[in-house]
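Summary of the model geometry
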Amino acid sequence: MIENKPNDLQKLLAPVWRGDTVYEESFFALMPRGVTEDDALEIPLLYHADEILSVTTATRTETLTAGKDYCLSDGKLLIPAGSSVYRMKWEEYQIIGEGEDKFPFLCEGGGKIFFGEGDTMHSREYLVTYRHSDAWEGFVPAKTEGTLPRTKALLAEGKPVTFCWFGDSITTGANSSATIGAAPFIPMFPRLVTMALEDHFGAEITYINHAVGGTVSRWGCEKLPEFFADTKPDIMFIAFGMNDASGRVPAEDFIANIRTMVEQTRALQPDCEFLLCSTTLPNPMAPTFCYNHTAHEPLLAALCEELGDCAALIPMTTVHQALMEKKRFYDMTGNNINHPCDFLARVYAQTILAQLI
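Model, not experiment: these values are computed from the prediction.

A word on the packing of helix H10 (residues 316–324) against helix H11 (residues 342–356). Where H10 meets H11, the axes come as close as 11 Å, and the angle between the chain directions of the two elements is 130°. The angle between H10 and H11 falls in the class oblique. The chirality of how H10 crosses H11 is right-handed. For the pair formed by H10 and H11, the contact residues are Met-316, Val-319, His-320 and Leu-323 on the first element and Leu-344, Val-347, Tyr-348 and Thr-351 on the second. Partitioning the contact of H10 with H11 into residue classes produces six nonpolar, two polar and no charged.

As structure tokens, this is what we get:
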């Protein structure tokens, strides 16, 4: 049983591609080149907003005032001059010259890019809840019918399920507010998924997460038999790829390693089923991180098809691409390089649950 369940769990996990209300969509008020503090700053949203219900800091500790701090104009969220919303100047985001040595990563176009772990981004981000009447036109994660029959049967019958998680820093919950100890303490997405499944099915779920930050799929092959030696997983979530691609690991080596982890898991539990997750994308303005991240998802899809009904794809690469057709990368990141903020982590959970409920 997972503890510290948020009292707004259903709202947090309502899929952003459904319904007429988006709950706590994140944004970061960066002023593009040429925009000054005397200008209104337009914040792109996933939908054409009909009514803004609230705007708060990402910590939920401050509620902003309509008209003074923000306004709605032709479906868009605007931050007017004089707003209490923290705006970052472009020169603070792309650091050229003085101050470059404080940041480790190169920026597209020169200099260094703003970066920080912990609550560096979280303390500067905001959440907007709004109603809309237009429908989602992007990619919609859908249940792959006929897959994961054993897991779904166990859940439907309310029987115990051992749900295992393995991957890199994203699956450790890196930069989720609960992980960094910041309000509003939203749990990492593996825990959100577990809470939702326990609520929906009334099943007792044993949660085991051996993800480790900074790792690649080769490391996963080396460590999985050791980490899960005394475990009999019913379902295994495997999510590597961010660091593989950034480290220029060939895509064929990556998928060979994922296949090895599947085989290693089956040696522990022949009936285990699998969720194979493609990675979200790194900041496109951080060139040293960007490589062949999009090459992984088709290979994972082919492996799922080969494995048959015991495996399902969690297509987070495509989901993230769909979100970025509407929003900027920096609106949804926890460190401005490669970790999700609470909002994008919630979309991870929503996409996983689309395969299970």
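Glancing now at the sheet that holds strand S11 (residues 235–239). Spatial strand order, S10-S9-S11-S12-S13: five strands in an open sheet with parallel pairing. Sheet topology places strand S10 (205–209) and strand S13 (311–314) at the edges, where each strand pairs with a single neighbour. The mean inter-strand angle of the sheet, taken between neighbouring strand axes irrespective of direction, is 15°. Of the strand pairs in this sheet, S11 and strand S12 (residues 273–277) are connected by four bridges, and their pairing is parallel. When the bridges of S12 are listed, Ile-235 appears paired with Glu-273. Its contacts with the sheet put H11 on strand S9 (161–167), S11, S12 and S13, and the angle it makes with S13 is roughly 150°.

Take unusual backbone geometry next. A cis geometry characterises the amide bond from Ala-183 onward to Pro-184, with omega recorded as 10°. Along the polypeptide, Pro-184 turns up in the loop between helix H4 (177–180) and helix H5 (189–201). Although it is not a glycine, Asn-175 sits at a positive phi angle of roughly 75°. Among the structural elements, Asn-175 can be located in the loop between S9 and H4.

Core analysis: the biggest nonpolar cluster contains 69 residues, and Leu-77, Phe-163, Phe-237 and Leu-275 have the highest contact counts within it. Per element, the largest residue contribution to this core is 10 residues, and it comes from H11. Ignoring anything within four residues of it in the chain, the contact list for Leu-275 reads Leu-148, Phe-163, Ile-235, Met-236, Phe-237, Ile-238, Ala-312, Ile-314, Ile-352, Gln-355 and Leu-356.

Along an α-helix, residues three or four positions apart point the same way, because every turn accommodates 3.6 residues. Taking 1.5 Å per residue as the helical rise, H5 with its 13 residues ought to reach 18 Å, and the 18 Å between its terminal C-alpha atoms agrees with that figure. Within the sequence span of H5, burial applies to Phe-189, Pro-190, Leu-192, Val-193, Thr-194, Met-195, Ala-196, Leu-197 and Glu-198. Looking at the buried residues of H5, the elements they touch are helix H1 (9–12), helix H3 (149–156), S9, S10, S11 and H11. Where H5 terminates, the next one or two residues include Gly-202, which has phi positive at roughly 70°.

Turning next to the packing of aromatic side chains. Within the structure shown, the criterion is met by 19 aromatic pairs. Geometrically, the ring pair formed by Phe-103 and Phe-114 is tilted, given 5.7 Å between the ring centres and 45° between the ring planes. You can see Phe-103 sitting in the loop between strand S6 (94–95) and strand S7 (112–113) and its partner Phe-114 sitting in the loop between S7 and strand S8 (125–132), a full 11 residues away along the chain. The same class applies to Phe-103 as to Phe-114, namely buried. The interplanar angle of 90° and the centroid separation of 5.4 Å between the aromatic rings of Phe-166 and Phe-228 together place this pair among those described as edge-to-face. On the criterion of sequence distance, the pair formed by Phe-166 in strand S9 and Phe-228 in the loop between helix H6 (217–227) and S11 is long-range, its members being 62 residues apart. Grouping aromatic residues by their ring pairs yields a cluster made of Phe-163, Trp-165, Phe-189, Phe-237 and Tyr-348.

Structurally, His-132 is set in strand S8. A residue is classified by how much of its surface remains accessible, and His-132, at 4% relative accessible area, is buried. Within the local environment of His-132, its side chain forms a polar contact with the backbone oxygen of Asp-134, the two atoms lying 2.8 Å apart.

So, how was this worked out
- Residues numbered from 1 in each chain as written.
- Predicted model: local features only at pLDDT ≥ 70, side-chain atom pairs only at ≥ 80, totals over all residues.
- Heavy atoms only, no water.
- Axes fitted to C-alpha atoms, helices over the stretch in contact; angles between N-to-C directions.
- Helix = DSSP H or I, 4+ residues; strand = E, 2+ residues; numbered from the N terminus.
- Parallel < 35°, antiparallel > 145°, perpendicular 65-115°, else oblique.
- Left-handed = near helix turned anticlockwise from the far one by under 90°.
- Contact = heavy atoms within 4.5 Å.
- Nonpolar A, V, L, I, M, F, W, Y, C, P; charged D, E, K, R; others polar.
- Pairing = 2+ DSSP bridges.
- Core = buried A, V, L, I, M, F, W, Y, C linked by side-chain atoms within 4.5 Å.
- Buried < 20%, exposed > 50% of the residue type's maximum accessible area, 1.4 Å probe, protein only.
- Expected span 1.5 Å × (residues − 1).
- Phe/Tyr/Trp six-rings, centres within 6.5 Å; stacked < 30°, edge-to-face > 60°.
- Polar contact = N/O pair within 3.5 Å; in protein donor to acceptor, adjacent residues only side chain to side chain.

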